[in-house]
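# Residue-level structural notes
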Amino acid sequence: MKDSTNTESTKPAVSRDRKISKVWIIPILGLFLGIWLVNRSVTERGELVTVSFENAEGLAVDKTEVRCRSVKIGKVESIKLDPKDLTVSIGMRINSEHVALVRKQSKFWVVRPRITGAGISGLGTLLSGAYIELDPGQPGEEKFSFIGEEQPPLTPSTVPGLRLSLISEMPGSIDLGSGIYFMGNKVGKVESRFFDPNLRITEFGIFIEERFAQLVNSETRFWRDNGIDLKVDTSGFQLELPSLDSLVSGRINFGVPDGLPDGFELPSVVNRFTLFEDTNGADADGFKSAADLLILVEEQVRGLNPGAPVEFRGLRVGRVSEISYQLVSHATVEKTPVLIQLNSDLLKRHFPEGLRDEGLEGIKEAFAQGLRASLKTSNVLTGQLYVDLDYYPDIPPTEIVLIDDCLIIPSVETGFGRLEDSVAELLKKLNDLEIEPLLAEFTDAAKEAT
């Protein structure tokens, strides 16, 4: 008979081993390594960006680079043609570390050799081949689908400076790349040109370098300069010969017209100006009239044109505004009405406040002292006239006369008007002389002397 106690004591004890076997370490490490490699591959692959162009000239898959400031940031991955609108869709793979450069305001264009009025660009691609350039634009939200620029911008948007719009009805020869000049110095250029067929105006986008931005203020005027300029005005002949690039593509000048204050700093909300055809248009736009006065001229006004200067003893104080018999309701052909305007800014520049703001009593006193207006010749060759204001004490005083609420300045004849009268009077006296009796007496006297 067996002992049951001994049998139970010799029976082996069985228990579960809850530890992971060392055999599984290698597969687990391999799994984590595979996940890390896949994640690294996806991360380093970057982001796919799609850009549409009109054509794919010079572009090739896996060869054409994508650059920003001449630094490679990606490569062209695919080129597809849309059969509907025949546009070319370029798929570009941007490196992961440069994906942040692709923003909503980003611009893409193809850099290839170009010859335009603005100059020659892209010659370096003759050997390296064309590439796609990225202008990141201002920081903003991400975007991965774009319409490419067919013409590269002349100045990247990230370059600091002043960007303005100029509106013109007659753009002339101004085009992309035309220079912006201040006192003969180039400070910027034209970046874009757009014609609105509905409003029939041309809008130019211009860029002025940051160091010259303070030259533009509230009183600045822009005008175009299309090349060789021959002016014939009251100061005579003026011939201006521009540089070769200005002669080819035209240029735009800007500044503050004579007679205007220097102006204050340009508000940030003001970014649109008018582009005038010439300096005369710019000067006329900045003219601020302090008083409109009327002159009734008895002599001829040939050579006196609207815009001609009005001077007081050599100081310019205004301009001729209009010459017409329509200025007065009861006009006669005996005297020609000439409307002149005094410039408030010029008056402030030349005269103290006590002489400017005298009112009606001051004008009466000026007339009593002999203030008169006259036409004088500024250039003998061109025959241009201007209006001169001066005191003539020998002339009897006159009363103030108003015609249609417009103050009349008495006028006197001076200069060539008096000279012509003197010459005419002399010729009349010569014509009245009896020449034949004088010649007979001279002949008889000569005979007696012989």
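Throughout this document, residue positions are counted from 1 along each chain, in the order its sequence is written. With the structure being a predicted model, the display of local features is reserved for residues of pLDDT at least 70 and the display and counting of side-chain atom pairs for 80 or more, all residues being used for whole-chain, interface and lining totals. Heavy atoms from the whole structure form the basis of all side-chain values; hydrogens and water molecules are not counted.

### Here we look at the sheet that holds strand β12 (residues 185-196)
Pairing between strands is defined by DSSP: at least two bridges between the two strands are required. By definition, any uninterrupted DSSP run of H or I lasting at least four residues is a helix, any uninterrupted run of E lasting at least two residues is a strand, and each is numbered from the N terminus. As summarised here, the arrangement of the 7 strands in space is β10-β13-β12-β11-β17-β14-β18, forming a closed barrel in which the pairing is mixed. When strand polarity is set aside, the average angle formed by the axes of neighbouring strands in this sheet is 35°. Pairing analysis gives 5 bridges linking strand β14 (residues 221-225) to strand β17 (residues 251-255), with the strands arranged antiparallel. Paired with R224 across the two strands is I252, which belongs to β17. Lines fitted to C-alpha atoms define the axes, with helix axes restricted to the stretch in contact, and inter-axis angles between N-to-C directions lie between 0 and 180 degrees.

### Digging into empty space enclosed by the protein
Cavities and pockets were defined on a 1 Å grid built from protein atoms only: a cavity is a group of points that admits a 1.4 Å probe but offers it no way out, a pocket is an open group of points flanked by protein on both sides within 12 Å along at least five of seven lines, and a lining residue is one with an atom within 4 Å of any such point. Grid points are joined across faces, edges and corners, and a volume is the space filled by probe spheres set on the points. Scanning all chains against the criterion turns up 1 cavity of 30 Å³ or more. Within this model, the largest cavity holds a volume of roughly 50 Å³. For this classification, Asp, Glu, Lys and Arg are treated as charged, while Ala, Val, Leu, Ile, Met, Phe, Trp, Tyr, Cys and Pro are nonpolar and the rest, including Gly, are polar. Per-class residue counts for the lining of the largest cavity are 2 nonpolar, 1 polar and 4 charged.

### Some points on a negative patch on the surface
Taken together, E169, E277, D278 and D283 make up a surface patch of like negative charges. With respect to the helices and strands, E169 occurs in the loop between β10 (161-168) and β11 (179-182). The classification of residues rests on relative accessible area computed with a 1.4 Å probe and restricted to protein chains. Under 20% of the type maximum is buried, over 50% is exposed, and intermediate values are partly exposed. Classification of E169 by relative accessible area gives exposed; the value is 65%. Every patch collects residues that have over 30% relative accessible area and no salt bridge, joining them within 9 Å if they carry like charges and within 5 Å if they are nonpolar side chains (Val, Leu, Ile, Met, Phe, Trp, Tyr). Exposure was quantified through the Shrake-Rupley algorithm and a 1.4 Å probe, taking into account, for residues, occlusion by the shown protein chains and nothing else. For salt bridges, the criterion is a side-chain nitrogen of Lys or Arg within 4 Å of an Asp or Glu carboxyl oxygen. In this tally, Asp and Glu contribute negative charge and Lys and Arg positive charge; neither His nor the terminal groups of the chain are included. Throughout, a charge is located at the NZ atom of Lys, the CZ atom of Arg, the CG atom of Asp or the CD atom of Glu.

### With respect to the environment of G303
Counting through the fold element by element, G303 comes out in the loop between β19 (289-297) and β20 (309-312). You can call G303 buried: its relative accessible area is 16%. Counting along the chain gives 76 residues from G303 to N379, while the straight-line C-alpha distance between them is 9.9 Å. Contacts between residues were defined by any pair of non-hydrogen atoms, one from each residue, lying within 4.5 Å. Not counting chain neighbours up to four residues away, the residues in contact with G303 comprise G383, Q384 and L385.

### Considerations on the packing of aromatic side chains
What counts as a ring pair is set by centres within 6.5 Å for rings of Phe, Tyr and Trp (its six-membered ring), and what kind of pair is set by the plane angle: stacked under 30 degrees, edge-to-face over 60, tilted for all other angles. All chains considered together, the criterion is met by 5 aromatic pairs. Pairing F182 with F254 gives two aromatic rings, centres 5.1 Å apart and planes at 40°, and the pair type is tilted. Taken together, the positions of F182 in strand β11 and F254 in strand β17 put the pair 72 residues apart, joining distant regions of the chain. The same class applies to F182 as to F254, namely buried. Directly above the ring of Y131 sits R67, whose terminal nitrogen or CZ lies 4.1 Å from the centroid. Put simply, a charge is over a ring when the Lys NZ or the Arg CZ is close to the ring centre, within 6 Å, and near the line of the ring normal, within 35 degrees. Above the plane of the ring of Y181 lies R251, whose end atom (NZ or CZ) is 4.4 Å from the centre.

### Regarding the pairing of strand β26 (residues 406-409)
Burial along β26 is two-sided: C406 and I408 and L407 and I409, pointing in opposite directions, are all buried. Bridging between β19 and β26 involves 3 bridges; their strand directions are parallel. Along β26, the bridge assignment pairs I295 with I409. By the bridge criterion, 3 bridges tie strand β25 (residues 401-403) to β26 in an arrangement that is antiparallel. Bridge pairing links I403 to C406 in β26.

### Thoughts on the sheet that holds β20
One open sheet holds the 8 strands; their spatial order is β23-β24-β20-β21-β22-β19-β26-β25, and the pairing between them is mixed. Two strands lie at the open edges of the sheet, namely β23 (371-377) and β25, each paired on one side alone. Recorded for the sheet is a direction-independent mean angle of 35° between the axes of neighbouring strands.

### Re the nonpolar core
For our purposes a nonpolar core is just a set of buried Ala, Val, Leu, Ile, Met, Phe, Trp, Tyr and Cys residues, chained together by side-chain atoms within 4.5 Å. Counting residues in hydrophobic clusters, the biggest one holds 25 residues, and the most contacted among them are L304, I340, V387 and L389. Listed by contribution, the elements that provide at least two residues to this core are β19, β20, β21 (315-323), β22 (336-343), α8 (359-368), β23, β24 (385-391) and β26. Setting aside chain neighbours within four positions, we find L304 in contact with V320, I323, V338, L375, L385, Y386 and V387. V51, I73, F108 and A130 belong to the second largest nonpolar core, which has 20 residues in total.

### A look at the pairing of β11
A two-sided burial pattern is seen for β11, the buried positions comprising G179 and Y181 on one face and I180 and F182 on the other. Here 4 bridges tie β11 to β12, and the two strands are oriented antiparallel to one another. The partner of Y181 across the bridge, within β12, is K186. From the end of β11 to the start of β12, which pair antiparallel, there are 2 residues, and M183 there has a positive phi angle of about 55°. Where β11 and β17 come together, 3 bridges link them in parallel fashion.

### Some words on the environment of D82
With respect to the helices and strands, the residue D82 is situated in the loop between β3 (71-81) and β4 (88-94). Accessibility expressed as a relative area gives 30% for D82, which makes it partly exposed. In this structure, the C-alpha to C-alpha distance between D82 and S52, residues 30 residues apart in sequence, is 9.6 Å.

### Here's the deal with the side chain of R221
Its place among the elements puts R221 in strand β14. For this analysis, a polar contact is any N or O atom pair within 3.5 Å, provided that within protein one partner can donate a hydrogen and the other can accept it, and provided that sequence-adjacent residues contribute only side-chain to side-chain pairs. In this structure the side chain of R221 is engaged in a polar contact, spanning 2.9 Å, whose partner is the backbone oxygen of E219.

### Description of the environment of D285
Take D285: it is sitting in helix α5 (residues 279-285). Residue class for D285 comes out partly exposed when judged on its relative accessible area of 42%. Along the backbone, D285 and R221 are 64 residues apart, and their C-alpha atoms lie at a distance of 8.4 Å. Setting aside anything within four residues of it in sequence, one finds D285 in contact with R221 and F276.

### Some points on the side chain of T336
Relative to the elements of secondary structure, T336 occurs in strand β22. The exposure class assigned to T336 is buried, which follows from its relative accessible area of 12%. A polar contact is formed between the side chain of T336 and the side chain of Y325, at a distance of 3.1 Å. Once residues lying within four places of it in the same chain are set aside, the contact partners of T336 are I295, L296, V297, V301, I323 and Y325.

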